[in-house]
Amino acid sequence: MTHEFKDIVHNGLEAKKQGLKSVLASVVALDGSSYRRPGVRMLILENNQMVGAVSGGCVEKEILLQSQTVFETGQPKIMTYDGRYRLGCEGVLYILLELFHPEDGFESAFSDCLQKREAFEVFSNYEKKEGTYPGLGSFIKLKDTIFGLGNHSKEQSGQLSVFKQTLPACSKLVIIGAEHDAVELCKYASLTGWEVVIVAGAKEAKTIEHFPGAIDFHAITPEAIDIGLIDNQTSIILMTHSFANDLRFLVALKETNPNYIGVLGPSRRREDLLNQLIEYCPDIEDGFLNRIHGPAGIDIGSETPQEIAISIMAEILAVTRNRNTISLSKKTGSIHSNL
């Protein structure tokens, strides 16, 4: 959800520069089940424009209505939304509404945090009933500094509950390759909110303009790849369509710690890559080898580049979130029980 929070902050700061007030809506508690869980947020501008969503659509209309009193009074409040009678979700949402008015210094500190790909903590003081109470409000901890996100006091109230959430760096996908299938995967990964970096061959004629949603583009040899691009919130997909180049990139990346590596082609191709990799790098760690998945993707009958992109993104999400790829209709218990 980091990318959603980043988008909310960006739009809230832009609205502030334009002289527009905005209200931050945060789901801080839930009784029962709902479309999304506590920690999801959205932003409402005073021109009624909304950024993000906390549910499938119906809750947002009520939030828009309830936010008007926050615009008028400037006071944060708790609203509830009982989905048991309106949505059939069998849950009650507790939502904190507050003016988005972060303290001075927040914008620079938040930008620095994102740039350095550091985790941060957001916490909200709330009461599990409707109304306005002293001490309501949300805060964000960037390194050792706490910033208020609204025009409220930092003084803590022992009478209030606290919802805490740690948000990691945005998920990153490094696509190694620049053919048509790489372009399609870039589009889908970007749409999912991932930061996408393209690594192409040194003589590649394409530029970043050919990859909608990409944040960076490198035309380099495998040996020149910057391993600083890769952290434990990064997934890699090899799409060079060249066995030799895939192998060279794997050798160059052997000291990195990504959470997923995908290779194209049949299972035999993956086995051949692993055998060659071990031959070149006999001391390579088993953990790195175990992260290599091939053929990349899950079996959904993909045929087109777009469908293959969906299949690959689905596998990356399943692997990085430690999920078995089964139909939800066959899952017992809560959808989110393992998160």
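Anything mentioned here points back to the structure above.
Just so you know, these numbers come straight off a predicted model, no measurement behind them.

The rules we used
Residues numbered from 1 in each chain as written. Predicted model: local features only at pLDDT ≥ 70, side-chain atom pairs only at ≥ 80, totals over all residues. Heavy atoms only, no water. Helix = DSSP H or I, 4+ residues; strand = E, 2+ residues; numbered from the N terminus. Buried < 20%, exposed > 50% of the residue type's maximum accessible area, 1.4 Å probe, protein only. Contact = heavy atoms within 4.5 Å. Areas by Shrake-Rupley, 256 points an atom, 1.4 Å probe, with all protein chains shown as cover. Pairing = 2+ DSSP bridges. Axes fitted to C-alpha atoms, helices over the stretch in contact; angles between N-to-C directions. Phe/Tyr/Trp six-rings, centres within 6.5 Å; stacked < 30°, edge-to-face > 60°. Lys, Arg positive; Asp, Glu negative; His and termini not counted. Salt bridge = Lys/Arg side-chain N within 4 Å of Asp/Glu carboxyl O. Expected span 1.5 Å × (residues − 1).

K.L.:
Can you walk me through the overall build of the protein chain in this structure?
P.N.:
Within the protein chain, the regular secondary structure consists of 9 helices and 15 strands. For the protein chain, the spread of C-alpha atoms along the principal axes amounts to about 65 × 45 × 35 Å. Counting only residues that meet the buried cut, the protein chain has 44% of its 339 residues in that class. Long-range pairs, those at least 24 residues apart, make up 62% of the contacts in the protein chain with a sequence separation of at least 6. With the model as given, the accessible surface of the protein chain reaches about 16900 Å², and the carbon-plus-sulfur share is 48%.

K.L.:
Looking at this model, I keep getting lost on the pairing of strand E1 (residues 22-32). Mind explaining?
P.N.:
Side-chain direction in a regular strand flips from residue to residue, so the side chains alternate between the two faces of the sheet. Along E1, 8 of the 11 residues are buried, which leaves the element largely enclosed by surrounding structure. Judged from the 5 bridges that link them, E1 and strand E2 (residues 41-45) form a sheet pairing that is antiparallel. Directly across from Ala-25, in E2, lies its bridge partner Met-42. Pairing of E1 with strand E5 (residues 91-99), which is carried by 9 bridges, proceeds in the antiparallel orientation. In the sheet register, Gly-32 faces E5, and the bridge partner there is Gly-91.

K.L.:
It is not clear to me how the sheet that holds strand E9 (residues 161-167) should be interpreted in this structure. Could you clarify?
P.N.:
Hydrogen bonds along the backbone pair up the strands of a sheet, which may run parallel or antiparallel. Pairing within the open sheet is antiparallel, and its 4 strands lie in the order E8-E7-E6-E9. Looking along the sheet, the strands with just one partner apiece sit at the ends: strand E8 (145-148) and E9. Averaged over all adjacent pairs, the angle separating strand axes in this sheet is 20°, with direction ignored. Bridge count between strand E6 (residues 120-126) and E9: 7 bridges; the pairing is antiparallel. Bridge pairing in E9 places Tyr-126 opposite Ser-161. In this fold helix H4 (residues 106-115) packs onto E6, strand E7 (137-142) and E8, with an angle of close to 50° to the strand it touches most, E7.

K.L.:
Looking at this structure, I do not really get the packing of aromatic side chains. What am I missing?
P.N.:
When we look at a pair of aromatic rings, we describe it by the centre distance and by the angle of the planes. A full pass over the atoms with the stated rule returns 7 aromatic pairs. Summarising the aromatic geometry, the rings of Phe-106 and Phe-110 are spaced 5.3 Å apart at their centres and angled 20° between planes, so their arrangement reads as stacked. A residue pair is termed a helical-turn pair when its members lie 3 or 4 positions apart in one helix, as Phe-106 and Phe-110 do in helix H4 at 4 residues. Across the pair, Phe-110 and Phe-106 agree in class, each one buried. Aromatic pair Phe-123 and Phe-139: ring centres 5.5 Å apart, planes at 25°, arrangement stacked. With Phe-123 in strand E6 and Phe-139 in strand E7, this residue pair connects regions lying 16 residues apart in the sequence. According to the relative accessible area criterion, Phe-139 is buried, its value standing at 1%.

K.L.:
It is not clear to me how the side chain of Asp-181 should be interpreted in this structure. Could you clarify?
P.N.:
Relative to the helices and strands, Asp-181 resides in helix H5 (residues 180-191). Despite being buried, Asp-181 has no salt bridge partner; Lys-206 is the closest side chain of opposite charge, sitting 8.4 Å away. Those residues in contact with Asp-181 that sit more than four places away from it in its chain are Met-239, His-241, Leu-264 and Pro-305.

K.L.:
Got a minute to help me understand helix H1 (residues 2-17) in this structure?
P.N.:
One full turn of an α-helix is made of 3.6 residues, so residues set three or four places apart face in the same direction. Here H1 is 16 residues long and its end C-alpha atoms lie 23 Å apart, about the 22 Å a rise of 1.5 Å per residue gives. Just beyond H1, the residue with positive phi is Gly-19, at close to 80°.

K.L.:
Would you take a moment to explain the pattern of salt bridges for this structure?
P.N.:
A pair can form between side chains of opposite charge whenever their charged atoms are brought close. Counted according to the given criterion, the structure contains 13 salt bridges. A salt bridge links Lys-187 to Glu-184; the shortest N-O distance between them is 3.3 Å. Of this pair, Lys-187 and Glu-184 are both found in helix H5, 3 residues apart, which corresponds to roughly one turn of the helix. By relative accessible area, Lys-187 is classed as partly exposed at 35%. Relative accessible area serves as the criterion here: at 6%, Glu-184 is assigned to the buried category.

K.L.:
Any chance you could explain the sheet that holds strand E4 (residues 77-82) here in plain terms?
P.N.:
In spatial order, the strands read E3-E2-E1-E5-E4; together these 5 strands make up an open sheet with antiparallel pairing. Two strands bound the open sheet, and with one partner strand each, they are strand E3 (50-52) and E4. Pairwise comparison of adjacent strand axes, ignoring direction, gives a mean angle of 25° for this sheet. The sheet contact formed by E2 and E3 spans 3 bridges and is antiparallel. Bridging from a neighbouring strand, Ile-44 pairs with Met-50 of E3. Where helix H2 (residues 58-73) meets the sheet, its contacts fall on E1, E2, E3, E4 and E5, and the angle it forms with E5 comes to roughly 35°.

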